[in-house]
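# Geometric and topological summary
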Amino acid sequence: MGQILVLGAGECGLPLAHRLLHGGRPVTLVTDRDAEAVLAGTVTSTQVKFPPTLDLESDLGLGFWRSIAPNIEGIRFTMAVDRAAVVTWAGRLTRPAQSVDQRTVFARWLGEYLARGGDLRIGEPSLAELEHSAAGYDLTVVTRAGRELAGCFEADPAWPAPAAPLRRLAVLYLDGVEPDPEGLGSYTTLPEHGEVISYPGLTGRPGQERRCEILLFEARPGGALDVFDQHGTPAQRWAQARRLLEAHLPAGLAERYRHAEPTDAGATLVGAVTPVMRRPVGALPSGRPVLGGGDVVCRMDPGGAQGANNAVHCALRYGEAILHDPDGPYDSQWMEWAAAPWLTAVAYPAARWTATVLDPPPAMQEMMLAAQHDTTLADAFADTFARPANLARLATTVA
Ligand SMILES: Cc1cc2nc3c(=O)[nH]c(=O)nc-3n(C[C@H](O)[C@H](O)[C@H](O)COP(=O)(O)OP(=O)(O)OC[C@H]3O[C@@H](n4cnc5c(N)ncnc54)[C@H](O)[C@@H]3O)c2cc1C
């Protein structure tokens with residue numbers, strides 16, 4: 001039974017390394033930053049996680065925030081035109097979701113990994129260095145890939161590959177936002193411009209966590225929300241965000257942010273995600289196969305709130321597959337076998353759901369309208385975020 005190498009200590013790499021450690025399997029985790037560097041950095045996501053994911057983390061002894069993170073009870077959907085709410089409904093999740101700053105989570109999980117005896121190496125191996133390292137391990141799992149390494153994983157031809165991002169993103173973590181009266185996350189769609197999404201979360205150094213509000217602008221490129229500067233400071237970005245909220249959100253919603261301020265110097269992020277589905281088995285230049293996980297294989301726009309959930313499910317399924325076959329051999333065939341259940345049950349439905357949410361087909365648009373008068377449908381819509389595989393069932397919920 002040899003050692004497993006895991007590259008990248010995020011939503012996929014960390015739970016996988018923990019699962020292997022817990023199962024008695026020697027593992028080496030390689031990542032670019034230690035816990036202090038993660039905490040000193042900027043926010044990286046908005047990371048809403050749904051109960052099936054939170055349960056997996058709790059089962060692994062990693063659910064440190066279950067009792068302290070604010071619950072997100074469901075979705076307050078609004079379609080707004082010229083600041084007027086033209087469609088509104090509230091859908092409740094069967095069980096609440098939560099969002100904890102990835103800086104807090106990764107720092108704590110890294111600390112626990114070391115405390116539990118895990119082998120951690122800090123570095124950013126080049127492709128040649130990874131090739132060299134991989135030769136000394138039974139299996140290499142890649143959960144982080146720059147352009148060169150990503151090129152070792154073929155795009156899956158069965159999936160459409162947009163050439164450009166569908167949205168341009170701006171994230172702000174804020175103090176001082178008035179909470180939603182029913183603990184709901186708000187999802188406001190501005191036809192032709194994009195979406196403004198906001199919910200309560202937890203941020204701060206482990207042991208000093210505090211509540212915040214997490215605000216995400218999903219701007220259609222060239223639309224009115226597409227204003228954020230790559231090089232702006234948190235204060236400048238908050239000034240831009242405040243102007244957008246006041247210009248586009250119904251007054252009652254915008255009012256909630258009147259006394260808000262960024263939580264810290266790293267409280268904002270501006271960028272974009274080009275979705276891609278890759279084959280799970282990559283080949284290093286020598287031909288050595290490596291197993292891809294998380295975003296390396298299935299990268300989605302955040303509008304469907306799926307990527308972190310998907311990555312944690314991937315980690316746990318890969319962990320079980322490795323522990324099931326302690327002696328491998330971990331060849332390409334084994335890797336295809338290990339990845340198939342995750343892809344079929346989690347990643348593909350999540351990618352389909354995300355595409356549907358961002359560009360709702362006519363049937364889905366009708367459902368969004370019908371949900372105004374049908375609480376069961378509104379609740380089912382909210383719950384499909386937690387279980388995207390239920391998308392087909394959503395259609396049968398219409399009264
Ligand atoms: C704005 C935004 C909002 C989002 N909101 C949500 C949401 O609400 N819900 C949801 O489920 N998902 C959301 N996501 C997606 C989610 O954050 C990702 O899908 C998830 O983090 C992917 O997990 P991963 O393990 O594949 O990669 P990551 O979590 O990104 O982990 C990769 C790790 O690799 C490390 N690393 C980086 N470079 C190197 C290197 N060169 N060498 C070694 N290690 C390196 C990083 O430090 C990190 O630890 C959002 C994403 C964005 C951008």
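A brief report on the enclosed structure follows. (Residues numbered from 1 in each chain as written. Predicted model: local features only at pLDDT ≥ 70, side-chain atom pairs only at ≥ 80, totals over all residues. Heavy atoms only, no water.)

### Things to note about the pairing of strand β16 (residues 289–292)
Here is the rule we go by: Paired strands are those between which DSSP finds at least two bridges. By the criteria applied, helices consist of DSSP H or I runs no shorter than four residues and strands consist of E runs no shorter than two, each listed in order from the N terminus.
Bridging between strand β7 (residues 139–142) and β16 involves two bridges; their strand directions are parallel. Directly across from valine 142, in β16, lies its bridge partner glycine 292. Where strand β15 (residues 281–283) lies against β16, three bridges are found, and the strand directions are antiparallel. The residue of β16 that forms the bridge with alanine 283 is proline 289.

### Focus on empty space enclosed by the protein
Rules: Two kinds of site are reported from a 1 Å grid over the protein atoms alone, namely cavities, where a 1.4 Å probe fits but cannot get out, and pockets, open sets with protein on both sides within 12 Å along at least five of seven lines, and residues are called lining when an atom falls within 4 Å of a point. Grid points are joined across faces, edges and corners, and a volume is the space filled by probe spheres set on the points. Charged residues are taken to be Asp, Glu, Lys and Arg, nonpolar residues to be Ala, Val, Leu, Ile, Met, Phe, Trp, Tyr, Cys and Pro, and polar residues to be all remaining types, Gly included.
In the structure shown here, the tally under the stated rule is two cavities of 30 Å³ or more. Size it by volume and the largest cavity reaches roughly 120 Å³. What lines the largest cavity is a set of 14 residues, and nearest its centre among them are Lys49, Leu54, Glu57, Trp65 and Val100. Elements that contribute at least two residues to the lining of the largest cavity include exactly α3 (51–59), β5 (84–99) and α4 (102–115). Its residues assigned to classes, the lining of the largest cavity comprises seven nonpolar, four polar and three charged. Put simply, the second largest cavity is a space of about 30 Å³. In terms of lining residues, the second largest cavity is bounded by Ile75, Phe77, Trp89, Tyr187, Val357, Met368, Phe381 and Phe385. Of all the secondary-structure elements, those providing two or more residues to the lining of the second largest cavity are β4 (72–81) and α12 (375–386). Considering only residue class, the lining of the second largest cavity consists of eight nonpolar, no polar and no charged.

### Observations concerning helix α5 (residues 127–134)
As a reminder, the rule being used: Buried, partly exposed and exposed residues are distinguished by accessible area as a fraction of the type maximum, computed with a 1.4 Å probe on protein chains only: under 20%, between the cut-offs, and over 50%, respectively. Summarising the geometry, the arc corresponds to the directions from the helix axis toward the C-beta atoms. Residue contacts are defined here by distance: any two heavy atoms, one from each residue, within 4.5 Å place the two residues in contact.
Within α5, burial applies to Leu127, Leu130, Glu131 and Ala134. Projection of α5 onto a plane perpendicular to its axis shows the buried side chains occupying an angular sector of 105 degrees, all on one side. Of the exposed residues in α5, the ones pointing more than 90 degrees away from its buried face are Ala128 and His132. In this structure, the buried side of α5 is in contact with β1 (4–7), β7 and α6 (147–150).

### A short note on the site of the ligand
Heads up, the condition is: For this purpose, a residue is taken to be near a molecule or strand whenever a single non-hydrogen atom of the residue falls within 4 Å of it. Definition of a polar contact: a pair of N or O atoms within 3.5 Å, with one able to donate and the other able to accept a hydrogen when the atoms are protein atoms, and with sequence-neighbouring residues admitted only if both atoms are side-chain atoms. Accessible surface area values rest on a Shrake-Rupley calculation with a 1.4 Å probe, where residue burial reflects the displayed protein chains alone.
Around the ligand there are 31 residues in total, and Ala9, Asp32, Ser45, Thr46 and Asp295 lie nearest to it. Within the contact set of the ligand, an oxygen atom lies 2.7 Å away from a side-chain nitrogen or oxygen of aspartate 295. Across the complex, the protein chains shield 87% of the 990 Å² of accessible surface that the ligand would expose by itself. Considering every element that reaches the shell around the ligand, the biggest residue donor is helix α9 (residues 307–324), with four residues. Looking at side-chain class alone, the shell around the ligand contains 11 nonpolar, 14 polar and six charged residues.

### Brief notes about the environment of glycine 293
Locating glycine 293 in the fold gives a position in the loop between β16 and β17 (298–299). For glycine 293, a relative accessible area of 0% puts it in the buried group. Excluding anything up to four places from it in sequence, glycine 293 contacts Cys12, Val142, Thr143, Cys314 and Tyr318.

### Some remarks on the environment of proline 388
Secondary-structure assignment places proline 388 in the loop between α12 and α13 (391–395). Owing to a relative accessible area of 11%, proline 388 belongs among the buried residues under this scheme. Residues proline 388 and histidine 324, spaced 64 residues apart in sequence, show a C-alpha to C-alpha distance of 27 Å. In this structure proline 388 touches Gln306, Pro349, Ala350 and Trp353, once residues within four positions along its chain are discounted.

### Here we look at the sheet that holds β15
Worth spelling out the cut-off: For every element, the axis is a line fit to its C-alpha atoms; helices are fit only across the contacting stretch, and the angle between N-to-C directions ranges from 0 to 180 degrees.
Strand order in the open sheet formed by six strands is β6-β2-β1-β7-β16-β15, with mixed pairing between adjacent strands. At either end of the open sheet lies a strand with only one pairing partner, and these are β6 (119–122) and β15. Strand-to-strand twist of the sheet, defined as the mean angle between neighbouring strand axes without regard to direction, takes the value 30 degrees. Here four bridges tie strand β2 (residues 27–31) to β6, and the two strands are oriented parallel to one another. Following the sheet pairing, valine 30 is matched in β6 by arginine 121. Relative to β2, helix α1 (residues 13–22) is tilted by about 165 degrees, and along the sheet it contacts β1, β2 and β7.

### Observations concerning the pattern of salt bridges
Quick reminder of the rule: We define a salt bridge as a contact between a side-chain nitrogen of Lys or Arg and a carboxyl oxygen of Asp or Glu at a distance within 4 Å.
Enumeration over the complete set of coordinates arrives at 22 salt bridges. Here glutamate 36 makes a salt bridge to arginine 205, at a shortest N to O gap of 2.8 Å. Within this pair, whereas glutamate 36 is found in helix α2 (residues 35–40), its partner arginine 205 is found in the loop between β10 (194–203) and β11 (210–219), the two being separated by 169 residues in sequence. Owing to a relative accessible area of 36%, arginine 205 belongs among the partly exposed residues under this scheme. The salt bridge involving arginine 103 is made with aspartate 264; its shortest N-O contact spans 3.0 Å. Of the two residues, arginine 103 is situated in helix α4 and aspartate 264 in the loop between β12 (261–262) and β13 (268–272); the sequence distance between them amounts to 161 residues. Connected through salt bridges with shared partners, the residues Arg76, Arg92, Asp180 and Glu182 form a single ionic network.

Structural measurements only, silent on function.
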